[in-house]
Amino acid sequence: MFKNAIVRRPGHSLVNGITSTPELGKPDYGLTIKQHDAYIGALRFCGVEVTVLQADERFPDSCFVEDVAVCTKKFAVITNPGASSRKGEEKVIIEVIKKFYNNLEYIKEPGTLEGGDVMMVGDHFYIGLSKRTNKEGAKKLIKTLEKYGMLGSIVEMSEMLHLKSGLSYLEDNVLLVAGEFINKLEFERFNKIIINKDETYSANCIRVNDYVLVPAGYPKTKEKIETAGFKTIVVDTSEYRKVNGGLSCLSLRF
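Residues numbered from 1 in each chain as written. Predicted model: local features only at pLDDT ≥ 70, side-chain atom pairs only at ≥ 80, totals over all residues. Heavy atoms only, no water.

Draft legend 1. View of unusual backbone geometry. Following E109, the chain continues into P110 via a peptide bond in cis, with omega recorded as 5 degrees. If you trace the backbone, P110 turns up in the loop between β5 (104-106) and β6 (118-121). Here the phi dihedral of E171 falls at roughly 70 degrees; this positive angle occurs in a residue that is not glycine. Position of E171 among the secondary structure elements: in the loop between β9 (167-169) and β10 (174-177). With a phi angle near 60 degrees, N209 is a residue other than glycine that sits in the positive phi range. For N209, the location among the structural elements is in the loop between β12 (206-208) and β13 (211-215). (Helix = DSSP H or I, 4+ residues; strand = E, 2+ residues; numbered from the N terminus.)

Here it is in structure tokens:
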């Protein structure tokens, strides 16, 4: 059960956020705020206490707080983002994380790690090697997990931006899977909900206590999740998609 979530309000500078899909256009700032309000409302409806941080215009992508920390049951890790424009975001989250955790660990150069590449399954953490997370960062996280009696494993990947761009663990051994991860041996033990190719973006859902948050506009994925026995809440993230963001990116949950 999650008790807490941390979010950061999007700034006007979000229009300059990193994107691999410029054809989608720039985010509409007014709409990003409305969607963020709805996102916070959904988290609260799921029973978590939400800490809302003010926008930081210095960092266009800073509303994607998931990438700057990894929160576990026993400790938190302050990451070292692999995207150069995001360097420094991790420093401004430290004091916030200290309010919730006594044990903080850090990823240092030459290691890079972003939280979007880390998927928690109980006490085991899958870590994707991406353009943002390198082997040094992944190994450092695994070593830290082992220090606290947990486990980690590395997942090779080549297509997705982040590991959780194509995977979402819904608890109860159920895994949403898309693209390159569908036939990965690492995930063969899970009961898989396979995402249709035309709805790949919706592989990034989040289970928050009794509900699964699903992005708006992906009816096939929503139906599959509900057929598997989960209750869903639809949240529109269309403006965040324009800058490579999704549901999990927008919060730290613990």
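Once you've had a look at it, read on.
Draft legend 2. Structural detail: the state of the cysteines. Applying the stated criterion to the full structure yields 0 disulfides. The thiol of C205 is unpaired, and the distance to the nearest cysteine sulfur, on C249, comes to 12 Å. For C205, a relative accessible area of 4% gives the class buried. (Disulfide = S-S within 2.5 Å. Buried < 20%, exposed > 50% of the residue type's maximum accessible area, 1.4 Å probe, protein only.)

Draft legend 3. Broad picture of the side chain of R86. Structurally, R86 can be placed in the loop between β4 (76-78) and α2 (89-98). The exposure class assigned to R86 is buried, which follows from its relative accessible area of 3%.

Draft legend 4. Spotlight on the packing of aromatic side chains. Summed over the entire model, instances satisfying the criterion amount to 11 aromatic pairs. Ring centres of F181 and F187 lie 6.2 Å apart, and the angle between their planes is 90 degrees; this geometry places the pair in the edge-to-face category. Comparing F181 with F187 shows no difference in burial state: the two are buried. An aromatic cluster of at least three residues, connected via ring pairs, comprises Y126, Y169, F181, F187 and F190. Here K231 stacks its cationic end above the ring of Y211, 4.7 Å away from the centre of that ring. It is R241 that lies over the ring of Y201; its NZ or CZ is 5.0 Å from the centre. (Phe/Tyr/Trp six-rings, centres within 6.5 Å; stacked < 30°, edge-to-face > 60°. Lys NZ or Arg CZ within 6 Å of the ring centre and 35° of its normal.)

Draft legend 5. Quick look at the pairing of β6. Sheet topology places β6 next to strand β7 (residues 124-129); 4 bridges connect them, and they run antiparallel. Directly across from V121, in β7, lies its bridge partner H124. Following β6, the chain reverses through 2 residues before pairing antiparallel with β7; G122 in that reversal takes a positive phi of roughly 65 degrees. (Pairing = 2+ DSSP bridges.)

Draft legend 6. Representation of the pattern of salt bridges within the structure. Under the counting rule described, the total for this entry stands at 15 salt bridges. Among the salt bridges present, the one from K220 reaches D198, with a minimum N-O distance of 2.8 Å. On the criterion of sequence distance, the pair formed by K220 in helix α4 (residues 219-227) and D198 in the loop between β11 (191-194) and β12 is long-range, its members being 22 residues apart. The exposure class of K220 is partly exposed, given its relative accessible area of 37%. What you see here is one network of salt bridges that share partners, running through E66, K164 and R253. (Salt bridge = Lys/Arg side-chain N within 4 Å of Asp/Glu carboxyl O.)

Draft legend 7. Highlighting the nonpolar core. In this structure, M119, F181, F187 and I225 are the most contacted members of the largest nonpolar core, which totals 26 residues. Elements represented by at least two residues in this core include exactly β6, β9, β10 and β13. With 4 residues, the single largest contributor to this core is β10. Y39, V48, Y240 and V243 belong to the second largest nonpolar core, which has 24 residues in total. (Core = buried A, V, L, I, M, F, W, Y, C linked by side-chain atoms within 4.5 Å.)

Draft legend 8. Region of interest: helix α3 (residues 135-147). Here α3 contains 13 residues, and its C-alpha end-to-end distance of 18 Å stays within 8% of the 18 Å for a straight helix at 1.5 Å per residue. Of the positions making up α3, those classed as buried are G137, A138, L141, I142, T144 and L145. Along the axis of α3, the buried positions cluster into a sector of 165 degrees, meaning they face one direction only. For α3, exposure combined with an orientation more than 90 degrees from the buried face picks out K139, K143 and K147. Close packing links the buried residues of α3 with β4, β5, β6, β7 and β8 (151-156). The opening residue of α3 is N134, an N-cap whose side-chain oxygen sits 3.3 Å from the backbone nitrogen of E136. Trailing α3 by a residue or two, G149 shows a phi angle of about 80 degrees, which is positive. (Expected span 1.5 Å × (residues − 1). Arc of directions from axis to C-beta. Contact = heavy atoms within 4.5 Å. Polar contact = N/O pair within 3.5 Å; in protein donor to acceptor, adjacent residues only side chain to side chain.)

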